[in-house]
Every structure is written in structure tokens, then in C-alpha cells.
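So the chains spell out like this:
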Amino acid sequence: MSTIQTVGIIGAGTMGNGIAQACAARGIQVVMVDINEAAVQRGLATVAGSLDRLIKKEKISAADKDAALALITTSTDYAALTGAQLVIEAATENEALKVKILQQLDALLAPEVIVATNTSSISITKLAAATQRADRFIGMHFFNPVPMMALVEIIRGLQTSDATHDAVKALSERLGKSPITVKNAPGFVVNRILVPMINEAFFVLAEGLATPEDIDAGMKLGCNQPIGPLALADMIGLDVCLAVMEVYVNEFADSKYRPAPLLKEMVAAGWLGRKSGRGVYRY
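All residue numbers here refer to positions counted from 1 along the written sequence of the relevant chain. Where totals are concerned, whole chains, interfaces and linings use all residues; where local detail is concerned, this predicted model gives features only for residues with pLDDT of at least 70, and gives and counts side-chain atom pairs only at 80 or more. Values shown for side chains rest on all heavy atoms present in the structure; no hydrogens or waters enter the calculation.

Draft legend 1. View of the pattern of salt bridges. One speaks of a salt bridge when a side-chain nitrogen belonging to Lys or Arg is within 4 Å of a carboxyl oxygen belonging to Asp or Glu. For the structure on display, the rule yields nine salt bridges. The salt bridge involving Arg136 is made with Asp135; its shortest N-O contact spans 2.8 Å. Of the charged contacts, one joins Glu173 and Lys169 as a salt bridge, the two residues approaching to 3.8 Å between their closest N and O atoms. Separated by four residues within a single helix, Glu173 and Lys169 lie in helix 6 (residues 162–174), roughly one turn from each other. Per-residue accessibility, obtained with a 1.4 Å probe over protein chains only, is compared with the maximum for each type, and a residue is labelled buried under 20%, exposed over 50%, and partly exposed between these values. Owing to a relative accessible area of 31%, Lys169 belongs among the partly exposed residues under this scheme. A helix here means a DSSP run of H or I that spans at least four residues, while a strand means a run of E at least two residues long, and both kinds are numbered starting from the N terminus.

Draft legend 2. The packing of aromatic side chains, seen in detail. Classification of ring pairs rests on two measures: the distance between centres of Phe, Tyr or Trp rings, Trp counted by its six-membered ring, which must be within 6.5 Å, and the angle between planes, read as stacked under 30 degrees, edge-to-face over 60 and tilted in between. Within this structure, the stated rule accounts for three aromatic pairs. Seen in terms of ring centroids, Tyr248 and Tyr257 are 5.6 Å apart; in terms of plane orientation they differ by 70 degrees. Their pairing is edge-to-face. The residues Tyr248 and Tyr257 share a single accessibility class, namely buried. The structure contains a cluster of three or more aromatic residues connected by ring pairs, namely Tyr248, Phe252 and Tyr257. Over the face of the ring belonging to Trp271 we find Arg278, whose NZ or CZ atom lies 3.5 Å from the ring centre. Put simply, a charge is over a ring when the Lys NZ or the Arg CZ is close to the ring centre, within 6 Å, and near the line of the ring normal, within 35 degrees.

Draft legend 3. Region of the structure containing the domain arrangement of the protein. According to the domain assignment, the protein contains domain 1 (6–183) and domain 2 (191–275). An automatic or database domain assignment provides the domain bounds reported here. Just the C-alpha atoms count here: the centres of domain 1 and domain 2 sit 29 Å apart.

Draft legend 4. Here's a closer look at the UniProt feature "site: Important for catalytic activity" (unreviewed entry) in the protein. The feature "site: Important for catalytic activity" (unreviewed entry), as given by UniProt, occupies His141 in the numbering adopted here. Take His141: it is sitting in strand 6 (residues 137–142). Once residues within four sequence positions are removed from consideration, His141 is found in contact with Asn118, Thr119, Ser120, Leu151, Val152, Glu153, Ile155, Phe188 and Asn191. In the analysis that follows, any N or O atom pair within 3.5 Å is treated as a polar contact, provided that within protein one partner can donate a hydrogen and the other can accept it, and provided that, for residues neighboring in sequence, both atoms belong to side chains. Of note is the side chain of His141, whose polar atom sits 2.8 Å from the side chain of Glu153. UniProt positions are given in the numbering used here, feature names are shortened, and annotations may be inferred rather than shown by experiment. Here a residue-residue contact requires only that any non-hydrogen atoms of the pair lie within 4.5 Å.

Draft legend 5. A look at a nonpolar patch on the surface. Taken together, the side chains of Ile180, Val189 and Ile193 define a hydrophobic patch exposed on the protein surface, amounting to about 240 Å² of accessible area. Looking at the secondary structure, you find Ile180 in strand 8 (residues 178–183). Without a salt bridge and with relative accessible area above 30%, a residue can belong to a patch; like charges are then joined within 9 Å and nonpolar side chains (Val, Leu, Ile, Met, Phe, Trp, Tyr) within 5 Å. Values of accessible area rely on a 1.4 Å probe in the Shrake-Rupley scheme; residue burial ignores everything except the protein chains shown.

Shown next as C-alpha cells:
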């Protein structure tokens, strides 16, 4: 399999433009595609702003910024992706939408091109089966903010070939990331452990064992976490945490994943965290 020189990215939102920046900063050509010109321009502006902050912190030079931006081309047409050796789909977390995009890509791209999805919850095996290149399909789950976070979960579907896995792992390392290899299962590794921990924090809160501040301080100081689970839930969105727990309880059919009643109650109240101005804490 030839070395990956050009990476196509579908979606110029938070994850897509972060992946574009991470690739361009390492000298890899990027083609970033979104549904309209406004969306791709917003994505480019975000990358430029992020690079400006790195200049301010003296992590990169102005010349580094110009070099990175020069490697990113944008388009609203999937045909612009035909020169890529790897295309990463980073569209909204919606299975029907992802399948539609992947099938369009599949029809357009040469058979040897690898297609990856940046999903955080949808089955890689299932998405792979919707394409004609299931052996060249893989999950690349980046973490937000992509330019800063070292982790990439590389998720193998049942059909993913060793060559595909190895090429994507090598690329992740070229991006300066530390990849981990994961089998396909709901939540993969990180969210499978993280979200039930957050859910347990809601059980602890509901039982009145400690205040939200003390629960968060306990986990920060006792487990060396940079942010407590309740503050993190507010950041992620309580509705998102609840949706993930519901996926686990349905997929694993195991009651240990049942969502905390307090979490459900707060979502019902519209207390979703930072985005709604109130969650466990007020903002």
C-alpha cells in the first residue's frame, strides 16, 4: 500500500477542521469538503485561528502557519477527493447520513483508497458493510480538540484488513498521535469506560453522598483527572451522556449500564450543561 500523501476529509466542522490542521501541520496534503462554501470557509477560519494561537504561544512560526494553510484545499464537490489515498468521514453523528456519504464516496473513489470514519458511537462493522470496500474501511476516532489531543482510537470492523489497519496506524503516528487499536463494540474503549463513570457520579450525587463540587474534587485529586466527572458531563452535554448510556443498555442488554434517574430527570428539565446555561452547575 503506497504511503498516504493526500488525505480527504468530509466535514469542515469541529472534528473535520481539527483533523485537517493535524495533517497539514505534518506536511500532508488535505482536501476538505463540506456541503456549502460557507461551511468550508468557517472550517478554514477555525484552522487559521488555531494556528494563530500556536504562534502566540511560540509553538510555531508564522511561516509554519502559511505552510500548513497552503496544504489545505477546500471544495463542495466530492469529485475533488479522487486524488486522496485516504478519505476520513467526519460528518454529524447520524448513521443514515454517514451511510449515504460513504456510499457516494465508495462509487467515486478508486478501489485501493482507504475510507475511515471518525464516529464515536456507530458500529464500524455495520458502516463497512454498507460499502464495497469493507476490508479497506476503518474507524479513526480522534478526540477534541484534535490538534492538542494525542489519542486516536483505531477501530477495526470485523472485515478490516491488516494492511488497512497498518496504513492508518502509520499515518496516525506521522501526525504525532499515539494510536490505540480497538475492536468494534459500542463506545469502543474510552467512552465505554468514561460515560459509565460519569453515570455513576450522578448516582452518587442523587444519593447525597457529597456535593457536586466535592465529587469532582475527589476524582480530580484522587484519580488525577484534569476535570471532575460532573463538570465533564456539563461540557459534553447531559443529553449526549444519556444517549450513550441508552445505546449501551440496549446493545449489551446489561442492567449495569442503566442511566441514572437523576441524569434522565435533568435532561427532561432541559438542564443539558454548558450549552443550555445550566446542568449540574450554572453557567
